[in-house]
Structures are given as C-alpha cells and as structure tokens.
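Chain residues, written in single-letter form:
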Amino acid sequence: MDEYRLASITLAEAGFCGGDPRRTAEMPVDLAVDVLAFLQFRAEQQETIEQLNKPKGT
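### Points about helix H1 (residues 3-13)
Alright, step 1. Of all the positions in H1, only Ala 7, Ser 8, Leu 11 and Ala 12 are classed as buried. Taken down its axis, H1 places every buried residue within 130° of arc, on the same side. Within H1, the exposed residues directed more than 90 degrees away from the buried face are Glu 3, Arg 5 and Glu 13.
Alright, step 2. Of the surrounding elements, those touching the buried residues of H1 are helix H2 (21-24) and helix H3 (29-52).
Alright, step 3. Two residues or fewer after H1 comes Gly 15, characterised by a positive phi angle close to 100°.

Given below as structure tokens:
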C-alpha cells in the first residue's frame, strides 16, 4: 500500500469526511498533511501521558 492510500485510510479511520477514504483522498494536501501531523502528535501525547502515569517500579 502506498503512502497516499495509507494517509487516506488513516484520515477516514479518524472520522474525517464521514469516514470515506475516497473523500479524504480529495482533501487539500496541506490540510491532510496538517491533520496527519496532529494525529501523530496526539498519539505521542497519549503515550507520554500513559508513561507518566504508570505506577513506579513497572
């Protein structure tokens, strides 16, 4: 699967364009790139929060 198709599916999975990967493929490129960067940021943020809240000694 190429990166373009993966990006469309990722955006659709996140609920953009009604979850339709064909419609997310039609999004303006700059918007799609910004949203993908934001989704990556949120995933990293969530992982950091989980690590910070992990009980000590594990």
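Having put the structure on the table, let's press on.
### Regarding the side chain of Ser 8
Alright, step 1. Following the sequence through the fold, Ser 8 ends up in helix H1.
Alright, step 2. Take Ser 8: its relative accessible area is 7%, and that puts it in the buried class.
Alright, step 3. Each residue touching Ser 8, except ones within four places of it in the same chain, is listed here: Pro 21, Thr 24 and Ala 25.

Thresholds applied
- Each residue is numbered by its place in its chain's sequence as written, counting from 1.
- With pLDDT at 70 or above as the cut-off, local features in this predicted model cover only qualifying residues; side-chain atom pairs require 80 or more to be listed or tallied, and sums for whole chains, interfaces and linings still use all residues.
- With hydrogens and water excluded, all non-hydrogen atoms of the structure serve as input to the side-chain values.
- Relative accessible area decides the class of each residue, using a 1.4 Å probe on protein chains only: under 20% of the type maximum gives buried, over 50% gives exposed, and in between gives partly exposed.
- Each helix is a run of DSSP H or I of at least 4 residues and each strand a run of E of at least 2, with the numbering of both proceeding from the N terminus.
- Here, the arc refers to the directions that run from the helix axis to the C-beta atoms.
- Any two residues whose heavy atoms approach within 4.5 Å are treated as being in contact.

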